Amino acid sequence: METAQSQQQAAPGAFTAFARFVLCGGGVGLASSFAVAALASWIPWVFANALITVVSTLLATELHARFTFGAGGRATWRQHAQSAGSAAAAYAVTCLAMLVLQQLVAAPGAALEQVVYLSASALAGVARFAMLRLVVFARNRSQAAATVRTARPVHATVAHASASADPAALGYAA
């Protein structure tokens, strides 16, 4: 019964999940934007963004499984794979935004690059939240809700079985 109660508490509502998503995903995204900028001074920006996207996606998926969507533990390989699909779309959005910036501004400064990158990441993040909530982690919430609805006290069956010494009644109680 303890497990059913913890699973019920672990499934947050949409507003709470979005606030947690912004906190976890936004924190990872903000750190990633600085990591991309730093790494891009050594390797081409597209490769820096790809590497940081992979690392940040793994980290964010774990945080979302454990904290944001209340999956009750570590993310599964399937959830990581599904999350990677939404991360690939986010990668494409950020790359496209940076390519457009490069076409419009000959030599953009670091601050403008950060604004464009973070804006594109925020737009992709809203779409990613919907995908993670409705597809990737949705099954865990419905399973937790089903477990809570079907949970019944075990002590009633045990009390009935111990009160009766008749073997036929014991078979029925079990």
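What comes next concerns the included structure. Quick caveat: nothing in here was measured; it's all calculated off a predicted structure. (Residues numbered from 1 in each chain as written. Predicted model: local features only at pLDDT ≥ 70, side-chain atom pairs only at ≥ 80, totals over all residues. Heavy atoms only, no water.)

1. Thoughts on the overall build of the chain
- Within the chain one finds eight helices and zero strands.
- Starting at the N terminus and ending at the C terminus, the chain contains elements arranged as α-α-α-α-α-α-α-α.
- Contacts spanning at least 24 positions in sequence make up 67% of the contacts within the chain whose residues lie at least 6 apart.
- As presented, the chain carries roughly 10,600 Å² of accessible surface, and 70% of it is formed by carbon and sulfur atoms. (Helix = DSSP H or I, 4+ residues; strand = E, 2+ residues; numbered from the N terminus. Contact = heavy atoms within 4.5 Å. Areas by Shrake-Rupley, 256 points an atom, 1.4 Å probe, with all protein chains shown as cover.)

2. Quick notes on the pattern of salt bridges
- With the rule as written, the count across this model stands at two salt bridges.
- A salt bridge links Arg66 to Glu62; the nearest nitrogen and oxygen atoms lie 3.3 Å apart. Of this pair, Arg66 and Glu62 are both found in helix α3 (residues 45-68), four residues apart, which corresponds to roughly one turn of the helix.
- Among the residues examined, Glu62 registers a relative accessible area of 14% and is labelled buried.
- For the salt bridge of Arg74 with Glu62, the shortest nitrogen-to-oxygen distance reads 3.7 Å. Residue Arg74 is located in the loop between α3 and α4 (77-104), and its partner Glu62 is located in helix α3; the two are separated by twelve residues in the primary sequence.
- Taking relative accessible area as the criterion, Arg74 reaches 61% and is therefore assigned exposed.
- Overlapping salt bridges bring together Glu62, Arg66 and Arg74 as one network. (Salt bridge = Lys/Arg side-chain N within 4 Å of Asp/Glu carboxyl O. Buried < 20%, exposed > 50% of the residue type's maximum accessible area, 1.4 Å probe, protein only.)

3. Some remarks on the nonpolar core
- By size, the foremost hydrophobic cluster in this structure holds ten residues: Val36, Leu39, Ala48, Ile52, Ala97, Met98, Leu101, Val116, Tyr117 and Ala120.
- Ignoring anything within four residues of it in the chain, the contact list for Val36 reads Trp45, Ala48, Asn49, Ile52 and Tyr117.
- Residues Ala17, Ala75, Val136 and Phe137 belong to the second largest nonpolar core, which totals nine residues. (Core = buried A, V, L, I, M, F, W, Y, C linked by side-chain atoms within 4.5 Å.)

4. Quick notes on the layout of surface pockets
- The computed volume of the largest pocket comes to approximately 560 Å³.
- Going through the elements one at a time, α2 (14-39), α3, α4 and α5 (110-136) are the ones with two or more residues in the lining of the largest pocket.
- Per-element accounting of the lining of the largest pocket gives the leading share, nine residues, to α2.
- Looking at the lining of the largest pocket residue by residue, the classes come out as 14 nonpolar, twelve polar and one charged. (1 Å grid on protein atoms, 1.4 Å probe; cavity = no way out; pocket = protein on both sides within 12 Å on 5 of 7 lines; lining within 4 Å. Points joined across faces, edges and corners; volume = space filled by probe spheres on them. Nonpolar A, V, L, I, M, F, W, Y, C, P; charged D, E, K, R; others polar.)

5. A short note on the packing of aromatic side chains
- Inspection of every chain in the model, using the stated rule, returns six aromatic pairs.
- Seen in terms of ring centroids, Trp45 and Tyr117 are 6.2 Å apart; in terms of plane orientation they differ by 80°. Their pairing is edge-to-face. A residue pair is termed long-range when its members are at least 10 positions apart, and Trp45 in helix α3 and Tyr117 in helix α5 qualify at 72 residues.
- Owing to a relative accessible area of 22%, Trp45 belongs among the partly exposed residues under this scheme.
- Members of the aromatic cluster, joined through ring pairs, are Phe18, Phe21, Phe69, Phe129 and Phe137.
- The residue whose ring lies beneath Arg20 is Phe67, and the NZ or CZ to ring-centre distance is 4.9 Å. (Phe/Tyr/Trp six-rings, centres within 6.5 Å; stacked < 30°, edge-to-face > 60°. Lys NZ or Arg CZ within 6 Å of the ring centre and 35° of its normal.)

6. Some points on the packing of α4 against α5
- Remark: α4 packs on α5, axes separated minimally by 9 Å, with the N-to-C direction vectors making an angle of 155°. Between α4 and α5, the interaxial angle falls into the category roughly antiparallel. In this structure, the crossing between α4 and α5 has a hand that is right-handed. Contacts from Gln79, Gln82, Ser83, Ser86, Ala87, Ala90, Val93, Thr94, Ala97, Met98, Leu101 and Gln102 in α4 reach Leu112, Glu113, Val116, Tyr117, Ala120, Ser121, Ala124, Arg128, Met131, Leu132 and Val136 in α5. (Axes fitted to C-alpha atoms, helices over the stretch in contact; angles between N-to-C directions. Parallel < 35°, antiparallel > 145°, perpendicular 65-115°, else oblique. Left-handed = near helix turned anticlockwise from the far one by under 90°.)

Purely spatial values, then, with no claim about function.
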